[in-house]
Amino acid sequence: MRVYVHRFSFVAIYLVLYFFGASISATAPSPKVVSLNVCTDQFLMLLADDSQIISLSEISTDILSSAMAAEASKYRQNNSGAEEIYLLQPDIVFAGIYTAKATVNMLESLNIRVEKFEPASTVDQIILNMQRTGELLGHTDRAKLLITNFESRLAELTSGIKNKPRAALYYANGYTTGKNTLAGQILDLAGFSNIASEVDIHWGGTLPLELLIMSKPDVVITGTTYPGSSRSEEILKHPALKPLQLVSSTDANWVCGTPHILKAIEDLQTIHPDKMSIK
Amino acid sequence: MKLKVILIILLTALFIFSLSTGHAVASFSQSMTALYLGDGPLGTVMREIRLPRAMLAILVGASLGVSGAAMQGYLRNPLAEPGLIGVSGSAALGAVIALHTGFATYVWMGLPIASFSFATIAVLVLLLLAGPRGSSLTLILAGIAVSALAGAFTSLALNLSPNPYATSEIVFWLMGSLADRSFEHFWLALPFCLIGCLMIGSTGKALDALTLGEDVASSLSISLTNTKLLLVFGVASSVGAATAVCGAIGFVGLVVPHLLRPLVKGKPSTLLFVSGLGGAVMVLAADIAVRVILPDRDLKLGVLMAIIGAPLFLHLIYKTRSALQ
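The residue count restarts for each chain, going from 1 along the sequence in the order it is written. The naming scheme follows written order: chains are lettered A onward, ligands numbered 1 onward. Since the coordinates come from a predicted model, pLDDT governs what is reported: local features require at least 70, and pairs of side-chain atoms require 80 or more to be given and counted, while whole-chain, interface and lining totals use all residues. By convention in this description, side-chain values take in all heavy atoms of the structure and omit both hydrogens and water.

1. So, the nonpolar core
Residues and elements named next belong to chain B.
Here is step 1: Ranked by size, the top nonpolar core spans 89 residues in total, and within it Leu56, Val87, Ile249 and Met305 carry the most contacts.
Here is step 2: Here this core gets 16 residues from one element, more than from any other, and that element is helix α3 (residues 41–75).
Here is step 3: Contact criterion: two residues are considered in contact whenever any of their non-hydrogen atoms come within 4.5 Å of each other. With sequence-adjacent residues up to four places away left out, Val87 is seen in contact with Pro82, Ala119, Ala122, Val123, Leu126, Val235 and Val239. Definition used in this section: a nonpolar core is a set of buried Ala, Val, Leu, Ile, Met, Phe, Trp, Tyr and Cys residues joined via side-chain atoms within 4.5 Å. Residue burial is assigned from relative accessible area. The probe radius is 1.4 Å, only protein chains are included, and a residue is buried under 20% of its type maximum, exposed over 50%, and partly exposed in between. Only DSSP runs of H or I reaching four residues or more are called helices, and only runs of E reaching two or more are called strands; each is numbered from the N terminus.

Next comes the structure, spelled out in structure tokens:
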């Protein structure tokens, strides 16, 4: 018995030392960070102290893809090049898992810690990403608060939905997204059923214009068109779409799995029959 | 006469076939009824998606067929084809510039006007370089240069566009497609294509006379300058407008006159008309084929045309190589 206790305490001490030691060697108490991805940019702005953020990605200030473009303008932007990032000497680099592999590998071989984030497409993943960012930045309490607020607002928004109008997400080139994507999740949380599921599109795919018309959706949700003209976007102005209700709604809030999807859901619910009366 | 009747019957059959081809699941009789009476979604599909597509295929095919026959007749060279010698490419450049500078949005008929202007420049440059007799070597070399330049500038203009989709549309402009074109496009192209074809049609007699040589033609009181001007503006107008809405579809003007020439005993004036019908048949058939072969992929018309046309082009070069040497 005594031997057992002794061994146990040894293991416990070892574990404590291991974790404590690891956290000391890996990060300073309030690490300085650089982000290479428009979504991790937002997590940093939401959770880090101003002094912790050395620089954000270049598109963090692009109003078409960044939900926090205005806030981002007070930070330095980087071009996501390995050389530039290395010279900034960050404690941690935040990147998406699809961020240029060459850059990430180069930074890692230069002994820069790179934390890669999977793009979140579900509520659970969004919460996990917030938790992880909070832990990495040394702001777990802040992350907890952010998650609680996010969850309660989400519960508010998703309550009281009785009908599920049929909606189609329709973008340039006749592209649509299904239930497994972030846009599909937003649509579902806002209380719409996605017609992509009816034609077996669960991720993303082309929905021929003819099929869109034939499936008679209650509403067609499209994105903001980019400046300059393109044939790809011309399909959104096709005369055949005239009999349908067209809403241009998908914007920067739809791009990243961050608490900003709440704004996307809110915007979308302005046309939801069960939510319109509340407004 | 018999040839014209056959082509018209073929065209009508393909037109109906084209109207019944698409993603929406509906029986033939349902679709045809919906075309006239349908208020529901099938009516919209028939009238706003399939009908303009089929009509545009005919318009574009006819324009390209007539233009090819006219250029070959005038230059007395079987290789003269709007797509190959860069007229379509230049028209596409004009269209891209008009679309991306806003000229197409703010000027009435801006899109076809721009592509017409660029096509005119291309035809004039080619005639200038190739000379009145249109020797194969100079024509083809000048055509390669004009095509390459127009293609490069089209790509450049699209690469510089602030629109992220523009770059992927280089393929559309260089290869052509009728997918999801609407009546807006049809009405935009129609006046230019019609006027162009009429101008070309009016040169029929002159082209017939030219087969006997320029001296004979002059002695028959045919004005070569007038013929040339009518052809330049006619080809630029019809090819320009067709390209402005559908991108550059190559080889139609090469294959169609080549196949039909023996059937009209080489008479250019008759060839013009039957080439118009033949071009319409060919583009309509190709547009049905791209929807049947790869319905979900928006296969470009130019790809199919090149598969049919390029071997023929090589064959023609082989035949005319003595002239090239």
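2. Topic: helix α4 (residues 87–101) of chain B
Residue and element names in this part refer to chain B.
Here is step 1: In this scheme, a helix's expected span is set at 1.5 Å multiplied by one less than its residue total. The terminal C-alpha atoms of α4 lie 21 Å apart, and with 15 residues this matches the ideal 21 Å at 1.5 Å per residue to within 8%.
Here is step 2: Counting buried residues along α4, 12 of its 15 residues qualify, which places the element largely inside the surrounding structure.
Here is step 3: Once α4 finishes, Gly102 follows within two positions and takes phi at roughly 90°, a positive value.

3. Overview of the packing of helix α8 (residues 182–189) of chain A against helix α11 (residues 261–269) of chain A
Residues and elements named next belong to chain A.
Here is step 1: Following both chains from N to C, one finds α8 and α11 inclined at 50°, their axes separated by 9 Å at the closest point. Classed by the angle they form, the pair α8 and α11 counts as oblique. Like other packed secondary-structure pairs, α8 and α11 cross with a definite hand, here right-handed. Residues Leu182, Ile186, Leu187 and Leu189 of α8 form the contact with α11, whose participating residues are Ile261, Ala264, Ile265, Leu268 and Gln269.
Here is step 2: Residue composition of the contact of α8 with α11, by class: 8 nonpolar, 1 polar and no charged. Axis definition: a line fit to C-alpha positions, over the contact stretch in the case of helices; interaxial angles, taken between N-to-C directions, run 0 to 180 degrees. In this scheme, roughly parallel covers angles under 35 degrees and roughly antiparallel covers those over 145, while 65 to 115 is roughly perpendicular and the rest are oblique. Each crossing gets its handedness from the near helix: less than a right angle anticlockwise from the far helix is left-handed, clockwise is right-handed. Here the nonpolar group is Ala, Val, Leu, Ile, Met, Phe, Trp, Tyr, Cys and Pro; Asp, Glu, Lys and Arg are the charged ones; every other residue, Gly included, is treated as polar.

4. Here's the deal with the confidence of the model for chain B
Here is step 1: Confidence along chain B averages 91 in pLDDT terms, with 98% of residues attaining 70 or more.
Here is step 2: Prediction confidence for the complex, expressed as pTM and ipTM, is 0.84 and 0.81 respectively. A residue's pLDDT is the predictor's confidence in that residue, given on a scale from 0 to 100.

5. Describing the sheet that holds strand β5 (residues 113–117) of chain A
Residues and elements named next belong to chain A.
Here is step 1: Two strands form a pair only when DSSP identifies at least two bridges running between them. In spatial order, the strands read β3-β2-β1-β4-β5; together these 5 strands make up an open sheet with parallel pairing. Of all strands in the sheet, those bounded by a partner on one side alone are β3 (76–78) and β5. With direction set aside, neighbouring strand axes in the sheet form an average angle of 25°.
Here is step 2: Each of β1 (33–35), β2 (53–57), β4 (92–96) and β5 is contacted by helix α2 (residues 38–47), which is oriented at about 145° to β2, the strand it contacts most.
Here is step 3: Across the sheet, helix α6 (residues 123–137) touches β1, β4 and β5, and the angle it forms with β5 is around 165°.

6. Some details on the state of the cysteines
Here is step 1: Cysteine sulfur atoms that pair up within 2.5 Å are treated as a disulfide. Evaluated as defined, the whole model comprises 1 disulfide over all chains.
Here is step 2: One disulfide in the model links Cys39 of chain A with Cys256 of chain A; its S-S distance is 2.0 Å. Disulfide Cys39 of chain A-Cys256 of chain A: the torsion about the S-S bond is -80°, which places it as left-handed. Taken together, the residues Cys39 of chain A in helix α2 and Cys256 of chain A in the loop between β11 (246–250) and α11 connect sequence positions 217 residues apart.
Here is step 3: Counting only cysteine sulfurs, Cys197 of chain B is the nearest neighbor of Cys193 of chain B, a cysteine outside any disulfide, at a range of 6.4 Å.

7. A closer look at the sheet that holds strand β6 (residues 166–169) of chain A
Residue and element names in this part refer to chain A.
Here is step 1: Spatial strand order, β8-β6-β10-β11: 4 strands in an open sheet with parallel pairing. Two strands lie at the open edges of the sheet, namely β8 (193–194) and β11, each paired on one side alone.
Here is step 2: One ladder, built from 4 bridges, connects strand β10 (residues 219–223) with β11; its direction is parallel. Bridged to Thr222 within β11 is Ser248.
Here is step 3: Contacting β6, β8 and β10, α8 crosses the sheet at an angle of about 155° to β6.

8. Concerning unusual backbone geometry
Residues and elements named next belong to chain A.
Here is step 1: Although it is not a glycine, Gln89 adopts a positive phi angle of roughly 50°.
Here is step 2: The phi dihedral of Lys216 is positive, around 45°, even though this residue is not glycine.
Here is step 3: Summarising the element assignment, Lys216 is placed in the loop between α9 (209–214) and β10.

9. Digging into helix α9 (residues 183–201) of chain B
Here is step 1: Counted at 1.5 Å a residue, the expected span for α9 of chain B with its 19 residues is 27 Å, and the 26 Å between its end C-alpha atoms agrees.
Here is step 2: Throughout, bend refers to the angle between the axes fitted to the seven residues that end at a position and the seven residues that start at it. Of all bends in α9 of chain B, the biggest is about 35°, found at Leu190 of chain B, and the proline Pro191 of chain B comes one to four residues later.
Here is step 3: Those residues of α9 of chain B that sit buried are Phe183, His185, Phe186, Ala189, Phe192, Cys193, Gly196 and Ile200 of chain B.
Here is step 4: Contact partners of the buried residues in α9 of chain B: α10 (231–234) of chain A together with α3, α6 (110–130), α10 (204–210), α12 (224–246) and α14 (268–293) of chain B.

10. Quick word on the interface of chain A and chain B
Here is step 1: Contacts between chain A and chain B engage 24 residues on the former and 30 residues on the latter.
Here is step 2: Across the interface of chain A and chain B, roughly 2300 Å² is buried in total on both sides, 60% from carbon and sulfur atoms.
Here is step 3: Note on definitions: buried area is the accessible-area loss of two parts on being combined, 1.4 Å probe, summed for both. Considering only the side of chain A, the residues that lose the most area to chain B are Glu210, Met214 and Arg231 of chain A, jointly responsible for 32% of the buried surface there.
Here is step 4: One speaks of a salt bridge when a side-chain nitrogen belonging to Lys or Arg is within 4 Å of a carboxyl oxygen belonging to Asp or Glu. At the boundary of chain A with chain B, the tally comes to 2 salt bridges.
Here is step 5: For Glu210 of chain A, the salt bridge goes to Arg50 of chain B, with nearest N and O atoms at 2.9 Å.

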